[in-house]
Structure formats: C-alpha cells, structure tokens
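The residues making up each chain are set out below.
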Amino acid sequence: MHHELYMKRCLQLAENGLGTTYPNPLVGSVIVHKDTIIGEGWHRKSGEPHAEVNAVRSVKDQSLLKNSTLYVNLEPCSHFGKTPPCSDLIVSLGIPEVVIGTMDPHEKVAGKGIERLRAAGVKVTVGVLEQECLALNKRFFTFHNQQRPYVILKWAESADGFIAPLHKETPQPVWISGEVSRQLVHKWRSEEQSILVGTQTVIDDNPRLNVRDWAGNNQPIRLVIDKSGRIPARSHIFDNQQPTVVFSGKSVSSGEENIIFERLDFDQDTVPKLVKALYSRGIQSVIVEGGRQTLQSFIDAGLWDEARIFVGGASLKQGISAPTLHRENATRYSVGHDELLILSKP
C-alpha cells in the first residue's frame, strides 16, 4: 500500500490554500484507482467546495469511484456549514475506502465524520503521516485546541543586536534587513490571517502592513494596539484599505466600515486578554511585527509559537535592543545577505 505517498500528495495540494482558506483548514484530497491517481483537489476558499468535492469532480470516469480509495489529510466534515457534509457525499458515491491523515478537532466534526463513514460500511484508516498533517494545520489546531490564534513573532535586528535606531527624523522604517528578506516578509503576511503592531511602531514607522511585494491579493487583517489614542489620524493604518482592528483603552467609534475600535483592559495581563479577543473574532493566526515592547510582552507571557528573526550584516552601534529570547535551538538560513533564525517555542 502506498498510503504515505498519496497522503504526501494531499499535503502538497492542501498547501496551495495557505492564506486563503481562513477560517477553514488546509485540506487536499486525492482519489486512487488501481495504484493510479484519477482525481485531485484542494480547498481554495471558505464557502467554496471542500477538497473532497473538488477531487471527485476532477474524476473523468465517475464509475471508477465505486472501486477507488479517497485520501484526505483531515477528517471529512459531517455537518452542514456553507457546504454539504463531505462524509455524506463519499457514502452516496459508493467510495469503499477512505484514508485520513488526522481527525478534525472542530467541535462540529471531532470524529463524527469517521463514524458516519464507518456506519455506512466504508473502510476507514486514520493516522497516516499524522505529524505532518498536524504541522500543516498548526494554525487551525492551535485555534481549536488551545482557544487562541497561532502566534508568530517576527523582527529584524542589526549584527550588534538592535532593532531600530534611538532617534529618527521622519516616520518611516529604517531597513536593517535586505530586499530579499523584505519580500519574504510580504510572502509571510499573505499566509497569515492577521498582523499586529504596537503604538510606537505605527508612530515611528507609519507602516502600511499590507502585501505589496508578493503576488496575490490576500491582505491580512491589521491589528493595532493604541492604549491612549496616540496614533495620528493620518496614519496609513487608517486608510480604510483593509480590515483594521484597533485595541484601545477607551471606547471609540471610527465611522469607517473597515476600521473597528475594540476596548481592551490594559491594567494587567494585556497579552492573554488580547489573544482572547482575537480568538473571539475567529482569528486563527497572527504575525507580531513589533515593536520591541509588544514582541517582548508576548515572549514574557509565553504566548507565542514561532519566532522568525532576521539578522542583518550592518551594525547600528546604538539603538533599541532586540527582544530577549533564547536562541540555542534556532534553525539558521541564509536569505540574501541576511541570516534568518527560525525558532519554535519549547
């Protein structure tokens, strides 16, 4: 049996949806008849057909389905959401065998899809390349199992450990990392559901927090901390170009469709409250891009999953120190002239 080979193909297909399926997971599916793939599909966008449906539709000779095996990296759904249940579709088509990477933790599925298939006499195998399947949907699983988004910390620092100069003449970024690294950051932004910065970063850099240097139009939700309402009204984050949530210490109304002010209690334990607010908004992933205080507060709260740190070749001599994080277990890559460190929380 080539279960692992076909599951690997499911994972490749599923990854095509990274950044566009939120709040749904990444799912790929292949249909195999006599050791030959006769159908493939993946879930592209919430509200559109699921991977299994796309795989079935791609099969030219539908009569072969009754003697085929369907592979899928996540348990087929068993409930009516924006689309009908995939487990019912599989049963109705008479597909005799289904191989699943991992169970779905969503309360509306959670084993019910597998039960439905087995009750109808379908042979079901669960747990093929399970760790790879869990890793692919780390955002989805973190959200449903831990009731919080998957948190990625990202910053660039100089060779001597500073993330910004002490003083700047104009509100715009001072680039520490190179052009290739900045392009990679825009790719990352297109993959995550939201992007977060603190007050000082907006005041100092006036960032757009969008995806300009990467193909595709998947713009993340902008999340901004502005406890005391210090961010200037003319800042790019208020341009109404993409959904923006401003976490403020007071109740404010924006009057703009794409800009929401949400009141947050900043007295203590701000990060857990912030993370809870993101969960209640259905936000499954956030890339925290600065500044130092915001990044360090996530580290100190232990509420992060991954850190991506660019180290540039130049030294600043003085400036704002980079966040403090143990880096012994970092995986190191070269990106243009920069070094990229990737860390997973122990």
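Student: So what's going on with the packing of helix H3 (residues 86-93) against helix H4 (residues 112-119)? Which residues, and what values?
Tutor: Relative to each other, H3 and H4 sit at 15°, their axes nearing to 9 Å. By the criterion of interaxial angle, the relationship of H3 to H4 is roughly parallel. Between H3 and H4 lies a crossing whose hand is right-handed. Seen from H3, the contacting residues are Ser-87, Asp-88, Ile-90 and Val-91; seen from H4, they are Gly-113, Arg-116 and Leu-117. When its residues are assigned to classes, the contact of H3 with H4 shows three nonpolar, two polar and two charged.

Student: Just give me the short version of the sheet that holds strand S15 (residues 331-335), but keep the residues and values in it.
Tutor: The strand order across the open sheet built from nine strands is S11-S10-S9-S8-S12-S6-S13-S16-S15, with neighbouring strands paired in mixed fashion. Here the strands that pair on one side only, and so sit at the sheet edges, are strand S11 (259-263) and S15. Geometrically, the sheet is characterised by an average inter-axis angle of 20° between neighbouring strands, direction not taken into account. Of the strands in this sheet, strand S6 (150-157), strand S8 (194-197), strand S12 (285-290), strand S13 (306-311), S15 and strand S16 (338-344) are in contact with helix H7 (residues 179-191), which crosses S13 at around 160°.

Student: Before we move on, could you go through the environment of Gly-178 and cite the residues and values that matter?
Tutor: Residue placement: Gly-178 occurs in the loop between strand S7 (162-164) and H7. In this structure the C-alpha to C-alpha distance between Gly-178 and His-337, which are 159 residues apart in sequence, comes to 6.7 Å.

Student: Lay out the side chain of Glu-192 with the relevant residues and their values.
Tutor: The residue Glu-192 is located in the loop between H7 and S8 in this model. Relative accessible area serves as the criterion here: at 1%, Glu-192 is assigned to the buried category. With near-sequence residues (within four places) excluded, Glu-192 lies in contact with Tyr-22, Arg-139, Ile-152, Asn-218, Pro-220, Ser-285, Ile-287 and Arg-308.

Student: Account for the pairing of strand S1 (residues 28-33), with residues named and values stated.
Tutor: Note on strand geometry: in a regular strand, side chains alternate between the two faces of the sheet. Along S1, six of the six residues are buried, which leaves the element largely enclosed by surrounding structure. Here S1 shows no split at all, with Gly-28, Val-30 and Val-32 on one side and Ser-29, Ile-31 and His-33 on the other all buried. Linking two consecutive strands that pair antiparallel, namely S1 and strand S2 (residues 36-42), is a turn of two residues; a positive phi of about 50° is found at Lys-34 within it. Bridge count for S1 against strand S3 (residues 69-74) is four bridges, and the pairing is antiparallel. Residue pairing for S3: Ser-29 is matched across the bridge by Val-72.

Student: Hey, could you go over the state of the cysteines for me, with residue numbers and the actual values?
Tutor: With the rule as written, the count across this model stands at zero disulfides. Counting only cysteine sulfurs, Cys-86 is the nearest neighbor of Cys-77, a cysteine outside any disulfide, at a range of 3.9 Å. Accessibility expressed as a relative area gives 8% for Cys-77, which makes it buried. For the unlinked cysteine Cys-133, the closest cysteine sulfur is that of Cys-10, found at 7.8 Å. According to the relative accessible area criterion, Cys-133 is buried, its value standing at 1%.

Student: Which residues make up unusual backbone geometry, and what values do they have?
Tutor: Cis geometry is found at the peptide bond from Tyr-22 to Pro-23, where omega equals 5°. Locating Pro-23 in the fold gives a position in the loop between helix H1 (3-14) and S1. Between Gly-290 and Gly-291 the backbone carries a cis peptide bond, its omega angle lying at -5°. Positionally, Gly-291 belongs in the loop between S12 and helix H10 (292-301). Phi at Leu-129 takes a positive value of approximately 50°, unusual for a residue other than glycine. In this structure, Leu-129 sits in the loop between strand S5 (123-126) and helix H5 (130-136). A relative accessible area of 11% places Leu-129 in the buried class. The phi torsion at Leu-209 lies on the positive side, around 55°, for a residue other than glycine. Inspection of the secondary structure puts Leu-209 in the loop between helix H8 (199-205) and strand S9 (221-226).

Calculation criteria
- The residue numbers shown here count from 1 along each chain, following its written sequence.
- This being a predicted model, a pLDDT of at least 70 is required before a residue's local features are given, and a value of 80 or more before pairs of side-chain atoms are given or counted; all residues contribute to the totals for chains, interfaces and linings.
- Remark: hydrogens and water are excluded; side-chain values derive from all non-hydrogen atoms of the structure.
- Between N-to-C directions, angles span 0 to 180 degrees; the directions come from axes that are lines fitted to C-alpha atoms, helices contributing only their stretch in contact.
- Strands are runs of DSSP state E lasting at least two residues, helices are runs of H or I lasting at least four, and both sets are numbered from the N terminus onward.
- Geometric relationships in this document are graded by angle, where less than 35 degrees denotes roughly parallel, more than 145 denotes roughly antiparallel, 65 to 115 denotes roughly perpendicular, and other angles denote oblique.
- Handedness of a crossing follows from how the near helix is turned relative to the far one, being left-handed for an anticlockwise turn of less than a right angle and right-handed for a clockwise one.
- Working rule for contacts: check all heavy atoms of both residues, and any pair within 4.5 Å makes them a contact.
- When residues are grouped by polarity, Ala, Val, Leu, Ile, Met, Phe, Trp, Tyr, Cys and Pro land in nonpolar, Asp, Glu, Lys and Arg in charged, and all others, Gly among them, in polar.
- Here, a strand pair is defined by DSSP locating no fewer than two bridges between the strands.
- Throughout this description, buried means an accessible area under 20% of the type-specific maximum (1.4 Å probe, protein chains only), exposed means over 50%, and partly exposed covers the range between.
- Here, a disulfide means two cysteine sulfur atoms that sit within 2.5 Å of each other.

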